Structures are given as C-alpha cells and as structure tokens.
Amino acid sequence: KTQVAIHFLRSLPLLSLSKLPLHTFSHYNSTMHSSLSLSISFPRTSPAIARSNYTFELSLVSPSKPLNLRFCGLRKEAIGFSQLKLSESHRVLVSSRRHSKKLSASLSDNGSPPKSFDYDLVIIGAGVGGHGAALHAVEKGLKTAIIEGDVVGGTCVNRGCVPSKALLAVSGRMRELQNHHHLKALGLQVSAAGYDRQGVADHANNLASKIRNNLTNSLKALGVDILTGVGTILGPQKVKYGKVGFSDNVVTAKDIIIATGSVPFVPKGIEVDGKTVITSDHALKLEFVPDWIAIVGSGYIGLEFSDVYTALGSEVTFIEALDQLMPGFDPEIGKLAQRVLINPRKIDYHTGVFASKITPAKDGKPVIIELIDAKTKEPKDNLEVDAALIATGRAPFTKGLGLENINVETQRGFVPVDERMQVVDADGNLVPHLYCIGDANGKMMLAHAASAQGISVVEQVSGKDHVLNHLSIPAACFTHPEISMVGLTEPQAREKAEKEGFEISIAKTSFKANTKALAENEGEGLAKLIYRPDNGEILGVHIFGLHAADLIHEASNAIALGTRIQDIKFAVHAHPTLSEVLDELFKSAQVNAHVSSPVSEPVAV
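Everything quoted here is computed from the prediction, not taken from an experiment. (Residues numbered from 1 in each chain as written. Predicted model: local features only at pLDDT ≥ 70, side-chain atom pairs only at ≥ 80, totals over all residues. Heavy atoms only, no water.)

This brings us to helix α9 (residues 331–342). When we look at burial in α9, the residues that qualify are Ile333, Gly334, Leu336, Ala337, Gln338, Val340, Leu341 and Ile342. Summarising the contacts, the buried residues of α9 are in contact with α8 (300–311), β17 (315–320), β18 (347–351), β27 (482–487), β29 (526–531) and β30 (538–545). (Buried < 20%, exposed > 50% of the residue type's maximum accessible area, 1.4 Å probe, protein only. Helix = DSSP H or I, 4+ residues; strand = E, 2+ residues; numbered from the N terminus. Contact = heavy atoms within 4.5 Å.)

We now examine the state of the cysteines. Note on terminology: disulfide describes a covalent bond linking the sulfur atoms of two cysteines. Using the criterion set out here, one finds one disulfide in the structure. Across the disulfide, cysteine 156 is cross-linked to cysteine 161 (sulfur-sulfur distance 2.1 Å). Between cysteine 156 and cysteine 161, the disulfide has an S-S torsion of -140 degrees and is therefore left-handed. (Disulfide = S-S within 2.5 Å.)

A few words now on the packing of aromatic side chains. Counted under the stated rule, the structure contains two aromatic pairs. Relative to phenylalanine 329, the ring of tyrosine 300 has its centre 5.3 Å away and its plane inclined at 50 degrees; by these criteria the two rings are tilted. With tyrosine 300 in helix α8 and phenylalanine 329 in the loop between β17 and α9, the pair connects residues that are 29 residues apart, well separated along the chain. By relative accessible area, which is 31% here, tyrosine 300 ends up partly exposed. (Phe/Tyr/Trp six-rings, centres within 6.5 Å; stacked < 30°, edge-to-face > 60°.)

Let's shift gears to the nonpolar core. Core analysis: the biggest nonpolar cluster contains 50 residues, and Ile123, Ile257, Leu403, Val423 and Leu434 have the highest contact counts within it. Dropping the residues within four chain positions of it, valine 423 is found in contact with Val408, Val415, Pro416, Val417, Asn429, Leu430, Val431, Leu434, Tyr435 and Cys436. Formed by 46 residues, the second largest nonpolar core is a distinct cluster that contains Leu286, Val308, Ile333 and Ala475. (Core = buried A, V, L, I, M, F, W, Y, C linked by side-chain atoms within 4.5 Å.)

In this section: the pattern of salt bridges. Counted according to the given criterion, the structure contains 24 salt bridges. For aspartate 248, the salt bridge identified is with lysine 240, shortest N-O distance 3.5 Å. A relative accessible area of 26% means that lysine 240 is categorised as partly exposed. Between arginine 420 and glutamate 419 there is a salt bridge, and its shortest N-O distance comes to 2.7 Å. Since its relative accessible area comes to 24%, arginine 420 is described here as partly exposed. Classification of glutamate 419 as partly exposed rests on a relative accessible area of 33%. Here the residues in one salt-bridge network are Asp330, Glu332, Glu490, Arg494, Lys508 and Lys528, joined through shared partners. (Salt bridge = Lys/Arg side-chain N within 4 Å of Asp/Glu carboxyl O.)

In this section: the sheet that holds β29. Sheet strands pair by backbone hydrogen bonding; their relative direction is either parallel or antiparallel. Strand order in this open sheet of five strands is β26-β27-β30-β29-β28, and the pairing throughout is antiparallel. Both edges of this open sheet fall to β26 (475–477) and β28 (505–510), since each of them pairs with a single strand only. Each strand axis lies, on average, 10 degrees off the axis of its neighbour in the sheet, ignoring direction. The pairing of β29 with β30 spans six bridges and is classified as antiparallel. Each residue of the ladder has a partner; that of lysine 528, found in β30, is histidine 542. Packed onto the sheet, α9 meets β27, β28, β29 and β30 and runs at close to 5 degrees relative to β30. Running at roughly 5 degrees to β27, helix α13 (residues 548–561) makes contact with β26, β27 and β30 of the sheet. (Pairing = 2+ DSSP bridges. Axes fitted to C-alpha atoms, helices over the stretch in contact; angles between N-to-C directions.)

Here the focus is the environment of isoleucine 293. By secondary structure assignment, the location of isoleucine 293 is in strand β16 (residues 292–296). The exposure class of isoleucine 293 is buried, given its relative accessible area of 0%. For the pair isoleucine 293 and isoleucine 347, spaced 54 residues apart in sequence, the C-alpha to C-alpha distance is 9.8 Å.

Glancing now at the side chain of serine 484. Relative to the helices and strands, serine 484 resides in strand β27. The class of serine 484 is buried, set by a relative accessible area of 1%. Here the side chain of serine 484 touches alanine 548 through a polar contact of 2.8 Å, landing on its backbone oxygen. (Polar contact = N/O pair within 3.5 Å; in protein donor to acceptor, adjacent residues only side chain to side chain.)

Cis geometry is found at the peptide bond from histidine 480 to proline 481, where omega equals 0 degrees. Inspection of the secondary structure assignment puts proline 481 in the loop between β26 and β27. The residue after histidine 575, namely proline 576, is reached through a cis peptide bond having omega -5 degrees. Tracing the chain through its elements places proline 576 in the loop between α14 (565–568) and α15 (580–588). Not every positive phi belongs to a glycine, and leucine 286 is a case in point at roughly 50 degrees. Mapped onto the elements, leucine 286 comes out in the loop between α7 (280–283) and β16.

A few words now on helix α11 (residues 490–500). Of the residues making up α11, those classed as buried are Glu490, Ala493 and Ala497. Along the axis of α11, the buried positions cluster into a sector of 60 degrees, meaning they face one direction only. For α11, the exposed residues set more than 90 degrees away from the buried face come down to Glu495, Glu498 and Lys499. Buried residues in α11 make contact with α9, β28, β29 and β30. Taken from the residues just after α11, glycine 501 is the one with a positive phi, measuring 80 degrees. (Arc of directions from axis to C-beta.)

Quick look at the structure:
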C-alpha cells in the first residue's frame with residue numbers, strides 16, 4: 001500500500017510531485033495498518049506555489065484500518081477529492097473508485113476566509129505600510145483585502161520618498177558637474193552643466209508612476225483584493241468603503257489594520273496657494289525653480305529640498321523655530337553637516353523664530369513672511385522671497401476613520417496604540433482585532449517603519465507574538481553627502497546611562513581614512529558609535545558621508561539581532577569598500593567584556 005500510495009502521489013501532474021523530494025517518512029509500523037505521515041518540501045521557486053504554504057491530507061481507506069497520508073506545510077482548504085483547483089488555468093481531476101478518498105488543500109494565493117467573516121485581514125490604506133502588511137499576510141495564508149481611497153503607494157511612492165529621490169539624483173549629478181575643483185582633481189574637464197526643468201520633473205513623475213504600478217501589480221498577482229474607496233470603521237471587525245456619490249459597501253474581517261498615513265502639516269497663519277507658498281506635495285512637481293526660496297523647517301524634508309534647489313541655482317533661507325539647525329540629528333553630526341551642507345552653499349538661516357504669517361505672491365508682490373521670536377513672540381523681521389516651502393513635518397491622516405464608533409480618541413490626531421500596535425480606546429483598554437501602523441500612530445514616521453510595524457502585526461494575528469524594536473530602525477537624509485542614523489543620539493544615550501546606572505563610550509572614524517572614499521575624492525565624512533564598554537551593546541550609530549544611507553544597515557541589523565561589538569569586530573569586509581568605515585569604527589571601540597554575555601533587552605518604543 002505504501003509503494004502504491006507514493007506512486008500515486010508522484011503521478012499527480014498538477015504539482016509535478018514526481019520532481020519533488022519526499023523528505024520525511026514517519027509514523028509507519030510493520031503491520032501497515034496504522035497511519036503513515038509524509039512531509040513534502042516544496043521549493044519556493046516553484047512558480048505554481050510561490051509565496052504560499054500548502055497542506056495535503058489524503059486518507060486511503062483499506063478493508064482493515066485506514067492509511068493516512070499527510071503533506072505538512074500546505075495551506076488548508078477543504079475541497080472534494082474529486083476536484084482540486086490551483087487556478088483557472090490549472091486543474092486536475094481524480095476519480096474515486098472502490099476506496100473512500102479525501103484530499104484537503106488550498107492553492108489559492110489569498111487563503112480562505114473564516115465562515116463568519118469576509119476576510120481574515122482588511123487593511124485601510126495602501127501605502128508602503130499597508131502594502132508590506134498585505135504581502136506578509138498572503139505569505140501567512142490570510143485572505144486579505146486592502147482599501148485605498150486615492151492611489152496605491154501612499155505618500156512615500158506618490159508624494160514623498162520616491163519622487164524626492166529622483167530629484168535628489170539630479171541634484172547629485174549637477175553638483176558633481178558644477179564642482180570644477182573636484183573634477184580637476186580627478187583629471188576631468190567638463191563644460192558648463194545645464195538642466196531642463198520639465199525633464200527633471202518628468203523623471204520624478206515617471207519614477208513614482210513606475211513604482212506605483214509595481215506595487216499595484218504585486219498586490220493583484222498575489223490575490224489581494226484592492227477595494228477602492230474611503231474606509232470607515234463601523235464597529236468591531238466591520239468596515240465600510242466607497243467613493244463619494246456612490247453607495248457604500250460593507251465588509252467584515254477577523255482583524256483590521258489602520259494604515260492611513262499622514263499629510264503635510266501647515267501651521268496656523270500660513271496660506272498655501274500651491275504655487276508660491278507650497279508644501280512638499282507641490283514641490284515634488286517642480287513646476288518652477290525660484291531664484292530665492294524660504295524653507296520653513298530644517299529637518300529631513302527641508303534639508304533634502306535645500307540640496308535640490310541650491311543645485312538647480314536657487315538661493316535658500318532656512319527658518320527654524322529651535323535654536324539650531326537640524327535639531328533632530330546627533331549634535332556632533334549636525335554641526336559637521338552644517339559646515340558641509342549649509343555654510344559653503346547659497347544658504348542663510350534664521351533660528352529661534354516662527355513664521356507667524358506667510359502671504360503668497362500676487363499682483364506683482366513677492367511672498368511676504370513675518371517672523372516672530374519663538375520664545376517671546378515679539379516681531380523679529382519680515383522677509384520678501386519668490387517662494388516659500390513649508391517643511392514643518394507631517395500630521396496624521398485619521399479623520400473620517402469612524403474611530404468614535406469604537407470609543408477611540410486620537411491624541412493630536414494620532415491613533416493611540418500599545419507596543420504591539422494594537423489600538424487603545426478612550427478608557428485605556430485594548431480594542432480587540434484592531435491595529436494601527438505607520439504615520440497614523442506617530443511612533444516613527446518613516447515608510448520602512450510602517451512596513452516593519454505591519455509585518456509585526458501580521459505575525460501577531462497569525463498566532464506568533466512579536467514586538468518591534470524601534471531603536472533598531474534606521475533613518476536617512478539623502479543630501480550630498482548623506483546622513484544616516486540608528487538608535488540613540490549621544491545626549492539620549494547619556495540620559496539613559498545616567499538613569500540606568502551604566503557608562504557609555506564613544507568611538508569615531510573618518511572617511512578620510514577610507515581608501516574607497518579617497519579614490520572618489522569624497523573624504524569628507526564621519527562615523528560615530530555610541531556603546532556600552534561593559535558589555536559591548538551598541539546604543540547608536542551616526543554617519544555623515546558618501547553613501548551613509550547604505551552603510552547604516554550593518555549597524556541597524558546588529559542592534560536588531562543583539563550583536564555585540566566584541567563579536568562584530570571579527571566580521572570581514574571587502575577591501576577597498578566604504579563598508580570598511582564601519583569595520584574600523586567597530587574595531588576602534590574598547591570593550592571591557594572578554595566573555596560573551598547577553599546585552600540588555602531592547603525597549604519597545
């Protein structure tokens with residue numbers, strides 16, 4: 001019977017079982033009347049079953065005792081043995097003869113919903129966070145739908161990190177071509193560089209369109225239902241969606257994820273006309289390049305746009321409410337970045353002031369900006385510029401979600417959640433089966449953080465507890481040179497050390513000591529490590545220099561995995577590469593611990 005069963009299974013044409021290895025053979029006794037278990041490992045490269053787990057269960061009933069064949073790892077969906085579906089184009093029929101036979105399998109890439117719900121998971125918002133959650137949900141065998149009222153990709157793909165990188169790619173090339181001293185050092189001679197504004201704008205728009213289509217196609221290919229319309233929570237495990245002017249549709253789901261993202265934050269007193277007073281949404285279209293533009297805010301968004309505008313010929317004035325530029329960066333890195341990114345360029349700045357009122361240009365008059373002291377609120381100055389970019393951060397997009405239907409109150413617009421991204425109601429209780437990820441919860445307003453949170457939530461709803469360590473999530477500013485960071489800044493680390501009673505140490509290395517950086521004539525840069533000398537725990541890493549955004553991941557992965565400095569010192573890096581900046585950084589750290597010992601548990605933030 002065993003040989004006949006194996007022969008039968010190998011003969012199935014649909015899954016090409018004859019080509020698949022039978023790895024495990026167990027639970028079989030010499031009488032051949034007890035059950036038989038088989039495990040089949042399906043290669044992930046198999047096109048018919050990509051990104052899925054499947055389960056076959058086969059019972060062959062003999063005159064005495066049944067013989068059971070079980071294929072573990074295949075997603076379950078009970079369907080008749082007489083017909084097995086993989087897709088509309090793949091079907092196999094198996095006839096039932098003298099013996100009773102039963103085959104259970106699911107070969108639908110999007111799973112099967114529970115009897116009482118339309119979906120296992122519904123995600124409101126198809127940005128990077130929602131997309132990442134949806135892909136992981138399909139991999140976990142969950143029947144998934146994603147609701148999007150605008151376009152797939154959200155802010156990042158359509159009005160944020162993706163098109164801005166296209167503009168920054170242009171600004172980087174322009175800087176190289178305009179830096180005659182740099183080119184001369186390499187033995188190059190280039191005539192005056194120019195640019196076509198519309199061509200630059202088209203490059204950014206085309207990139208956003210391409211990535212948006214890629215994300216949409218990936219969702220469709222995996223069987224995720226894309227429900228078009230604005231999503232609103234009606235009650236526990238129930239969501240409605242629909243377009244304005246059309247009737248609403250209602251769906252139910254075992255679990256719901258809110259992933260609605262954010263919009264540009266515009267302070268009171270600022271009038272945005274979308275032409276001369278703009279947000280990052282408008283600036284990415286690059287409809288014109290002003291001679292003089294004021295940028296309100298010197299964080300990531302403001303810095304990146306200053307890089308673009310100055311490379312294209314604009315003069316820039318920063319308006320910063322705090323007493324120093326780049327307040328979110330490690331102070332030492334911020335000072336170095338200011339010396340390289342601000343001082344040599346056509347940039348001036350006002351710190352410690354608010355833009356209390358900004359009036360768009362009209363009737364031949366320029367944009368007028370009224371400045372007041374950030375502390376005393378006394379008038380300070382008036383500026384007249386050609387344009388103003390409002391880069392004061394982003395605000396959560398959570399209005400109209402129907403949170404009042406489940407007793408949830410936002411905090412400054414953010415949806416309150418716990419460390420597992422589960423929503424907390426107005427009474428401090430967890431809302432069952434409801435989660436919020438990304439900018440809408442305010443924990444870490446980065447696209448890749450939203451995706452990581454979404455994956456973490458899917459792990460939980462799939463039955464595996466998971467808490468994301470936000471201190472291991474890197475961040476980057478794509479100026480020229482770039483800035484990147486992960487973990488704590490030096491002031492934050494010293495505060496933590498004082499509170500918890502341990503010492504910290506600092507290690508630094510310069511890009512001037514790196515062969516690859518010198519070969520590129522890009523020796524301006526610094527890497528900084530903040531760590532505990534008693535056990536080798538990495539508390540933070542900050543990099544300013546060539547390709548800093550790519551280099552940071554060795555450090556972020558080390559923090560995520562709990563790797564200690566005394567262990568990572570032995571990692572080998574190709575020579576000559578920029579990665580040796582991190583290699584030298586870790587090797588220069590002085591750790592007192594000679595024996596491997598666990599680092600402290602990461603704190604969920």
